[in-house]
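The chain contents come next:
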Amino acid sequence: MRILFIGDIVGKPGRRAVKQTLAELRRREQLDFVIANAENAANGSGITAEIFRELIDSGVDCLTAGDHIYRRKEIIPTLESKLEIVKPANFPPTAPGRTWTVLAAGDGLAVGVLCLLGRVYMRPVDCPFAAADRVLAEMPAEVRIRVVDFHAEATSDKQLMGRYLDGRVSAVLGTHTHVATADEQILPGGTAFQCDVGMTGPHNSIIGRRIDRVMSTTLTFRPTEFDVAAGDVRMCGAVVDVDPQTGRSTAIRRIKVSLLPEGGFDVA
């Protein structure tokens with residue numbers, strides 16, 4: 001089974017990259033299931049119900065979140081009613097949304113998805129390791145394919161989670177920093193791991209925001225709007241091959257899909 005995990009979708013450029021490339025990419029890469037982190041899909045912060053539907057209609061099977069998930073309060077009814085989106089499992093139990101989901105891939109195989117928020121240099125949240133244990137105990141045992149989005153800042157935090165869950169989940173894939181890391185690997189227990197799968201959006205930017213705006217505020221402390229940038233739009237992520245009988249991964253590779261100025265796209 002082949003899964004594509006798409007890194008943080010940033011604003012309209014990121015959504016455009018998904019919309020323009022995913023259908024062809026699913027065919028070309030023979031993808032069975034697509035997961036995307038979409039907490040920054042609405043103008044760089046949060047997500048709306050309309051954008052949720054746009055991404056699902058574009059071919060994404062499941063959306064994960066992070067620390068900005070509640071920036072747009074209109075997403076709350078969607079979080080509470082739809083199976084295709086999950087909140088961080090270590091948010092308080094009273095926070096809106098489901099902590100995990102199980103969805104059917106195109107071939108009928110069940111895929112379990114959960115996301116967790118790191119604690120190093122992040123907002124205060126419950127223990128992600130304890131939350132992972134709780135969710136995996138709740139998830140039906142027959143669901144062997146399990147993918148974790150670990151939305152965290154520190155690479156050490158992410159490496160620890162990968163090792164902690166090695167052999168218990170199919171993949172632990174990092175998001176949040178918007179910069180792809182070159183450490184993709186299969187851990188000894190069969191878990192695919194990468195510290196961060198990168199960003200989907202404008203790469204002529206400071207992690208998705210206009211360079212001039214970020215530079216001005218950094219140098220002068222004058223407040224300004226960190227608008228989403230526009231140039232060099234790419235979709236970054238990881239492709240993971242999983243043995244459906246065991247739930248163990250057999251391969252992982254980085255993928256970068258660049259939109260071309262003349263139309264179309266290039267895959268690297």
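This report concerns the structure included in the present document. (Residues numbered from 1 in each chain as written. Predicted model: local features only at pLDDT ≥ 70, side-chain atom pairs only at ≥ 80, totals over all residues. Heavy atoms only, no water.)

1. Describing the overall build of the protein chain
Heads up, the condition is: Starting at the N terminus, helices and strands are each numbered in turn, a helix being any DSSP run of H or I of at least four residues and a strand any DSSP run of E of at least two. With the radius of gyration taken over C-alpha atoms, the globule rule is written as 2.2 Å times the number of residues to the power 0.38. The buried label goes to any residue with under 20% of its type's maximum accessible area, the exposed label to any with over 50%, and the partly exposed label to all in between, with areas taken from a 1.4 Å probe on protein chains only. For every accessible area listed, the method is Shrake-Rupley and the probe measures 1.4 Å; residues are considered covered only by the protein chains on display. Charge convention: Lys and Arg are scored as positive, Asp and Glu as negative, and His as well as the terminal groups of each chain are ignored. The atom standing in for a charge is NZ when the residue is Lys, CZ when it is Arg, CG when it is Asp and CD when it is Glu.
A tally of regular secondary structure across the protein chain gives six helices and 14 strands. For 268 residues, the compact-globule formula gives about 18 Å, and the C-alpha radius of gyration of the protein chain, at 17 Å, lands near that figure. With the principal axes as the frame, the protein chain shows a C-alpha extent of 55 × 40 × 35 Å. Residues counted as buried form 54% of the 268 residues belonging to the protein chain. Just so you have it, the protein chain exposes about 11500 Å², and 51% of that area is on carbon and sulfur atoms. Positive and negative side-chain charges of the protein chain, numbering 32 and 33 respectively, have mean locations separated by a distance of 2 Å.

2. Notes on the packing of helix α4 (residues 128–138) against helix α5 (residues 155–165)
A pair of packed helices is captured by two measures, namely the crossing angle of their axes and the spacing between those axes. Counted only if it meets this: Axis lines are fitted through C-alpha atoms, for helices just across the contact stretch, and the angle between N-to-C directions can take any value from 0 to 180 degrees. Roughly parallel here means an angle under 35 degrees, roughly antiparallel means over 145, roughly perpendicular means 65 to 115, and every remaining angle is called oblique. Two helices that cross are described as forming a left-handed crossing if the nearer one is turned anticlockwise from the farther one by less than a right angle, and a right-handed crossing if clockwise. Here, residues are in contact when the closest pair of their heavy atoms is within 4.5 Å. Note on residue categories: nonpolar means Ala, Val, Leu, Ile, Met, Phe, Trp, Tyr, Cys or Pro, charged means Asp, Glu, Lys or Arg, and polar means any other residue, Gly included.
Contact geometry for α4 and α5: axes closest at 11 Å, N-to-C directions at 30°. When the interaxial angle is binned, α4 and α5 end up roughly parallel. For the crossing formed where α4 meets α5, the hand is right-handed. Taking contact as the criterion, the partners of P128, F129, A132, D133 and L136 in α4 are, on α5, L160, M161, Y164 and L165. Here the contact of α4 with α5 is built from residues that sort into eight nonpolar, no polar and one charged.

3. As for the packing of aromatic side chains
Selection rule: Aromatic rings from Phe, Tyr and Trp, taking only the six-membered ring of Trp, are treated as a pair when their centres fall within 6.5 Å; an angle between ring planes under 30 degrees marks them as stacked, one over 60 as edge-to-face, and anything in between as tilted.
Evaluation of the coordinates by the stated rule reveals two aromatic pairs. Between Y70 and F91, the ring centres sit 5.8 Å apart and the planes meet at 35°, which makes this aromatic pair tilted. A residue pair is termed long-range when its members are at least 10 positions apart, and Y70 in the loop between β4 (62–64) and α3 (76–81) and F91 in the loop between α3 and β5 (100–104) qualify at 21 residues. On the accessibility criterion, F91 (5% relative accessible area) is buried.

4. Topic: helix α2 (residues 49–57)
Rules: Note that the arc is computed from the directions linking the helix axis to the C-beta atoms.
For α2, the full list of buried residues reads I51, F52, L55 and I56. Angularly, the buried residues of α2 cover 135° about the axis, an arc narrow enough to put them on a single face. Exposed side chains of α2 directed beyond 90 degrees from the buried face belong to E50 and D57. Buried residues along α2 sit in contact with β2 (8–9), α1 (11–29), β4 and α3. Among the residues trailing α2, G59 stands out with phi positive, at a value near 115°.

5. Some words on the side chain of D8
Our working rule: Salt bridges are counted wherever a side-chain nitrogen of Lys or Arg sits within 4 Å of a carboxyl oxygen of Asp or Glu. In protein, a polar contact requires one atom able to donate a hydrogen and another able to accept it; more generally it is a pair of N or O atoms within 3.5 Å, and residues adjacent in sequence count only if both atoms are side-chain atoms.
Turning to its location among the elements, D8 is positioned in strand β2. Despite being buried, D8 has no salt bridge partner; K158 is the closest side chain of opposite charge, sitting 7.4 Å away. Of note is the side chain of D8, whose polar atom sits 3.4 Å from the side chain of H178. Not counting residues within four places of it along the chain, the set of residues in contact with D8 comprises N37, E39, N40, H151, T175, H176, H178, G198, M199 and T200.

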